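Analysis of the macromolecular model
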Amino acid sequence: MVNKILPILLLSAACAFAAPTLKEQHGGVKATLKRPAKPAAIHEVYARDMSRWSNLASSSTGSSPLVNTDVSYTLSIGLGTPAQNVDLVFDTGSSDLWVMSANYNPSSSSTANDLGETWSVDYGVPGDETSAGGEEYTDVATIGSYSFTQELGVATTSQGMNGLVGIVGFGPDDLSAGTNTGENIPTPVDNLYSSGQIGSDVIGVYFQPITDGGSNEANGEVTFGGVDSSKYTGSITYVPITSKSPSNEYWGVDCSELAYGTTKLLGATAGIVDTGTTLILISSTAVKTLYKAIPGATLDSNSGLYKIPSSQVANLKNITFTIGGTAFTLTPAQYTVPANLVVAMGGTAGDTYTYIGDIGSSTTGQAFILGQKFLENYYSVFDTTNSRVGLATAAH
Ligand SMILES: *[C@@H]1O[C@H](CO)[C@@H](O)[C@H](O)[C@H]1NC(C)=O
C-alpha cells in the first residue's frame, strides 16, 4: 500500500469538477457537501428520522436506511465513462452506493460491468412504504480528480423515494451485507484506500449550520484519507466503536453521561453518529426527564417538535454528551430552531422549538442518534483503519 495523502482541495460545489486547487492540507482528498438551504417542514423530517432509526435498530439485514431527502447533505460523484454526475445523499448510517436508473444509465458508460446480481432495499415502514431495486454493477466512480472502481446498485424500480437520486453510504462495510447477494461492498473511501490513493481508510466530515433560505448551498466538506484541521478547533477526541448492540454495527459510540444543566438524563449508554439523521434523538426516558425539567414544555402536534414556553427560553440550560471523557455541549442556541427558520420548518412565528426528539426506545444500546444538528456543531471523523470515531468542535 502506498502511504500518502493527496492534498487536493475542492472549494466550491458549483465547480466541483473544475481543476482542483493544489494546497497543502493535513487531510487527503476533499470534496464539497451540499444541502438544500431551504428547510423542510419538521414534522416530516421527524417522522423520517424516527422511521429510520426503528428500521436501523430492527434490521438484521443491514438495508440502507431511510434518509430525509429534502434536508440531507449530498456529495457529487461521477459515475461511468464518460462520467454521469449525480448528487448522492451522504450517509454514514448505510454502506451501499445506489442510484436511480433515471440519473445513471449503465448503457451509456463504456466501463459499466453488469454483475448479473440483483439488488434491493425495502424499508417496510408503516404508512411510508419505500423500496428500490434493480441490478448490481461495477463502474468507474470519480470524486474530484480521483477515480476508482465502485460497486453500485442501479434502481430500475422504486416506490416512495420522493425525488431521491441515490445514496452513497460510508457506514461500516458489514452493513451492506443482505442488500445484495451477501458480500460486503467496499465504500468509496475503502476503494480510494485500497487503490493506494489515500494513506488511511478514514473520512473527516464538516457540516455548517443552516442559516437562511435560498438556493442550494455548498455548506459541508468531506475529506478522504484524513482530516481538515481548518474545519475544527482544539483536538479531536477519538473513541473506539462501542461494543453495545445494535450501535456496534454502525458508527456507534459510548456516552458516559447525558445531562441537561446539572440534571442527569442518561447514564452509560451507546448511540450512533449518523449524517443521514436530521435531528438529535435521545431515549424516551431521557426525553421525559429533559422536558420535565423545562416547565411548560410540550410536544407540538403541528411541527412534531418540542416547544418551549417563551417564559422559559431565557432559562434553558446546556445539554452535554460526555464521550471519551470530553464534554460535547450544545448550548440553547445550538439545540433550538433559529427564529428565522421556525415558520419554514412548520412552527409558529415567535415560538421556540428544539431539535431534540424522542428516539422511541429506552435501551442502553440504542439511546441516542447524533444527527446533522449535532454534527453542524461538531466535526466528525469515521476511521475504519482504527475502528474509531472522532469528534471535535467545528470551526465556523
Ligand atoms: C454552556 O456551554 C457554553 C459553551 O460550551 C459555555 O461557554 C457556557 O459556560 C455553558 N454554560 C453553563 C451554564 O455551563
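Residues numbered from 1 in each chain as written. Predicted model: local features only at pLDDT ≥ 70, side-chain atom pairs only at ≥ 80, totals over all residues. Heavy atoms only, no water.

**Considerations on the sheet that holds strand β15 (residues 257–260)**
Taken in spatial order, the four strands make up an open sheet running β16-β15-β21-β22, and their pairing is antiparallel. Every interior strand has two partners, whereas the edge strands, β16 (263–266) and β22 (326–330), have only one. In this sheet, adjacent strand axes meet at a mean angle of 30° when their direction is disregarded. As paired elements, β15 and strand β21 (residues 319–323) share four bridges and run antiparallel to each other. Among the inter-strand pairings, L258 is bridged to a residue of β21, identified as F321. Contacts from helix α3 (residues 284–292) reach β15, β16 and β21, with the element oriented near 160° to β16. (Pairing = 2+ DSSP bridges. Helix = DSSP H or I, 4+ residues; strand = E, 2+ residues; numbered from the N terminus. Axes fitted to C-alpha atoms, helices over the stretch in contact; angles between N-to-C directions. Contact = heavy atoms within 4.5 Å.)

**A short note on the site of the ligand**
Taken together, the neighbourhood of the ligand is formed by N318, T329 and T331. Between the ligand and N318, the relevant distance is 2.3 Å, taken from an oxygen atom to a side-chain nitrogen or oxygen of the residue. When isolated, the ligand has an accessible area of 360 Å², and the protein chains bury 23% of it. (Near = heavy atom within 4 Å. Polar contact = N/O pair within 3.5 Å; in protein donor to acceptor, adjacent residues only side chain to side chain. Areas by Shrake-Rupley, 256 points an atom, 1.4 Å probe, with all protein chains shown as cover.)

**Thoughts on the confidence of the model for the protein chain**
On average, residues of the protein chain score 82 in pLDDT, and 77% of them are at 70 or above. Here residues 59–65 is a poorly scored stretch, pLDDT under 50, and it has 24 contacts once near neighbours within four places are set aside; other chains count. Scored below 50 in pLDDT, residues 176–182 makes 25 contacts in the model with residues more than four places away or belonging to other chains. (pLDDT = per-residue confidence, 0-100.)

**Some details on the UniProt feature "active site" (unreviewed entry) in the protein chain**
This chain's UniProt record puts "active site" (unreviewed entry) on D91 and D274. Taken together, the annotated residues stretch across 184 residues yet fold into one region, lying no more than 7.1 Å apart by C-alpha. Tracing the backbone shows D91 in strand β5 (residues 84–91). For D91, a relative accessible area of 0% gives the class buried. (UniProt positions renumbered as here; feature names shortened; annotations may be inferred. Buried < 20%, exposed > 50% of the residue type's maximum accessible area, 1.4 Å probe, protein only.)

**Considering the sheet that holds strand β18 (residues 280–282)**
Across the sheet, which stays open at both edges, the five strands sit in the order β14-β17-β25-β18-β24 with mixed pairing between neighbours. Every other strand in the sheet has two partners, leaving β14 (252–255) and β24 (356–358) as the edge strands with one partner each. Put simply, the sheet's adjacent strands are angled 30° from each other on average, direction ignored. The pairing of β18 with β24 spans three bridges and is classified as parallel. Residue I280 lies in a different strand from β24, and its bridge partner there is I356.

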